[in-house]
Amino acid sequence: MLIHVSDRCIRCGRCKAVCPTSIIEMTDSKPFIEERDEGRCIVCGHCVAVCPEEALDHRLAPLKEQTKMKKIPAAGPKKTRTLLRSVRSVRVYKKDEVDRKIVTRIADTARFAPTGLNSQNVIFLAVMERETVQELSRRTMEWMRKASASGAEWSMPYGKLLSEEKNAKRDPVFRGAPHVLIALADSSSPYGTDNACMAMVYARIQATAMDIGTCRAGFFEQYARAEPREVAALLRLPEKRIVGAAVMLGYAKYTYRRLPDRDPLRIEFI
């Protein structure tokens, strides 16, 4: 049996209402799932989390493994807004390395990002060695040079970037960040890349809360999409895994003292 319902159940029907696959049914006594429908469960745990009496338990999403909170959300709207506005694209880093425990904490938070059908199919790869980061940058630059030389219209912006890199002798790919955090997507999943990108949003928010600078590694992502086999061989990726999203990671060299404004909100209601 997939779910167990105790005598504390008040038959409020909340578990049935929130079930994303609509497999929970209600009787006069309690909620239940037909055995034939159990395979459709995506193990999201919503039914357990929404129960006000802790009366429902799930074999694959146990009540004991869920974190109880007095107030949701834990942070108020003002603090949340300020944190989100504080997520900056850091492009100047210190040389100091980030402790692996901190990187693990960032990735561990990112794994809670929503995924299509609760597939939870994102794997994280933390590139910690500077030599590997530099090699990824070098390979990306080589690809950009070839793309620029081809004359393709989409590669036009690379020309100026390559010129700046040559003159300034700086890394335009990872901006001197000591590490790169990569979210590996499941290439066989229609939600793979979207899941990876969403996970990186969570990672950047958690990193900001821990005073770690991040920036989307867009040029590397473009190279990885264009040359997936080369990147897979270089990073020794598992089968059917591709780079879904990547961010630079490190301590920001400078402290930002203000939160810049953005264009006015554009929203329509219909």
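Analysis parameters
Residues numbered from 1 in each chain as written. Predicted model: local features only at pLDDT ≥ 70, side-chain atom pairs only at ≥ 80, totals over all residues. Heavy atoms only, no water. Pairing = 2+ DSSP bridges. Helix = DSSP H or I, 4+ residues; strand = E, 2+ residues; numbered from the N terminus. Axes fitted to C-alpha atoms, helices over the stretch in contact; angles between N-to-C directions. Buried < 20%, exposed > 50% of the residue type's maximum accessible area, 1.4 Å probe, protein only. Polar contact = N/O pair within 3.5 Å; in protein donor to acceptor, adjacent residues only side chain to side chain. Contact = heavy atoms within 4.5 Å. Parallel < 35°, antiparallel > 145°, perpendicular 65-115°, else oblique. Salt bridge = Lys/Arg side-chain N within 4 Å of Asp/Glu carboxyl O. Arc of directions from axis to C-beta. Core = buried A, V, L, I, M, F, W, Y, C linked by side-chain atoms within 4.5 Å.

Any chance you could explain the sheet that holds strand β8 (residues 241–250) here in plain terms?
Adjacent strands of a sheet form backbone hydrogen bonds with each other and so pair up, either parallel or antiparallel. Judged by pairing direction, the sheet is antiparallel, and its four strands sit side by side in the order β5-β6-β8-β7 without closing on themselves. What marks the edges here is a single partner per strand, and that holds for β5 (123–127) and β7 (213–216). For this sheet, the mean inter-axis angle between neighbouring strands, taken without regard to orientation, is 30 degrees. Across five bridges, β5 lies against strand β6 (residues 179–186) in antiparallel orientation. Counted as the bridge partner of alanine 126 is leucine 181 from β6.

Is there a simple way to think about the side chain of histidine 179 in this case?
Of note, histidine 179 is situated in strand β6. For histidine 179, a relative accessible area of 1% translates into the label buried. At 3.2 Å, the side chain of histidine 179 forms a polar contact with the backbone oxygen of methionine 128. Residues contacting histidine 179, with those up to four places away along its chain left out, are Glu97, Val98, Val127, Met128, Val133, Val247, Met248 and Leu249.

Can you walk me through the packing of helix α5 (residues 130–149) against helix α8 (residues 218–226) in this structure?
The axes of two packed helices give the description: the angle between them and the distance between them. α8 packs onto α5 with a crossing angle of 70 degrees between their chain directions and a minimal axis gap of 9 Å. By the angle class used here, α5 and α8 are roughly perpendicular. Across the interface between the two elements, Leu136, Arg139, Thr140, Trp143 and Met144 from α5 touch Phe219, Phe220, Gln222, Tyr223 and Ala226 from α8.

So what exactly am I meant to see when it comes to the pattern of salt bridges here?
All chains considered together, the criterion is met by 13 salt bridges. Across the salt bridge formed by lysine 68 and glutamate 54, the nearest N and O atoms sit 3.4 Å from each other. Linking lysine 68 in the loop between β4 (56–58) and α3 (77–85) with glutamate 54 in the loop between α2 (46–50) and β4, this pair joins segments that are 14 residues apart in sequence. Between arginine 130 and glutamate 97 there is a salt bridge; the shortest N-O distance is 3.9 Å. Of the two residues, arginine 130 is situated in helix α5 and glutamate 97 in the loop between α3 and α4 (100–110); the sequence distance between them amounts to 33 residues. Overall, the relative accessible area of 26% leaves arginine 130 in the partly exposed class. The exposure class of glutamate 97 is exposed, given its relative accessible area of 51%.

How should I be thinking about α4 in this particular structure?
Among the residues of α4, those classed as buried are Val103, Ile106, Ala107 and Ala110. Along α4, the residues classed as buried sweep out an arc of 95 degrees about the axis, all on the same side. Of the exposed residues in α4, those oriented more than 90 degrees away from the buried face are Lys101 and Thr104. The secondary structure elements touched by the buried residues of α4 are β5, β6, α7 (192–209) and β8. Capping of α4 at its N-terminal end is provided by aspartate 99; its side-chain oxygen lies 2.7 Å from the backbone amide nitrogen of lysine 101.

How do you make sense of the nonpolar core when you look at a structure like this?
Generally speaking, a soluble globular protein has its nonpolar side chains buried in company with each other. Phe174, Ile182, Phe220 and Leu235 are the most contacted members of the largest nonpolar core, which has 29 residues in total. When contributions to this core are tallied by element, the ones reaching two or more residues are α5, α6 (156–168), β6, α8, α9 (228–235) and β8. Considering every element that reaches this core, the biggest residue donor is α5, with six residues. Contact partners of phenylalanine 220, with chain neighbours within four places excluded, come to Leu136, Thr140, Val173, Phe174, Ile182, Val231, Leu235, Val243 and Ala246.

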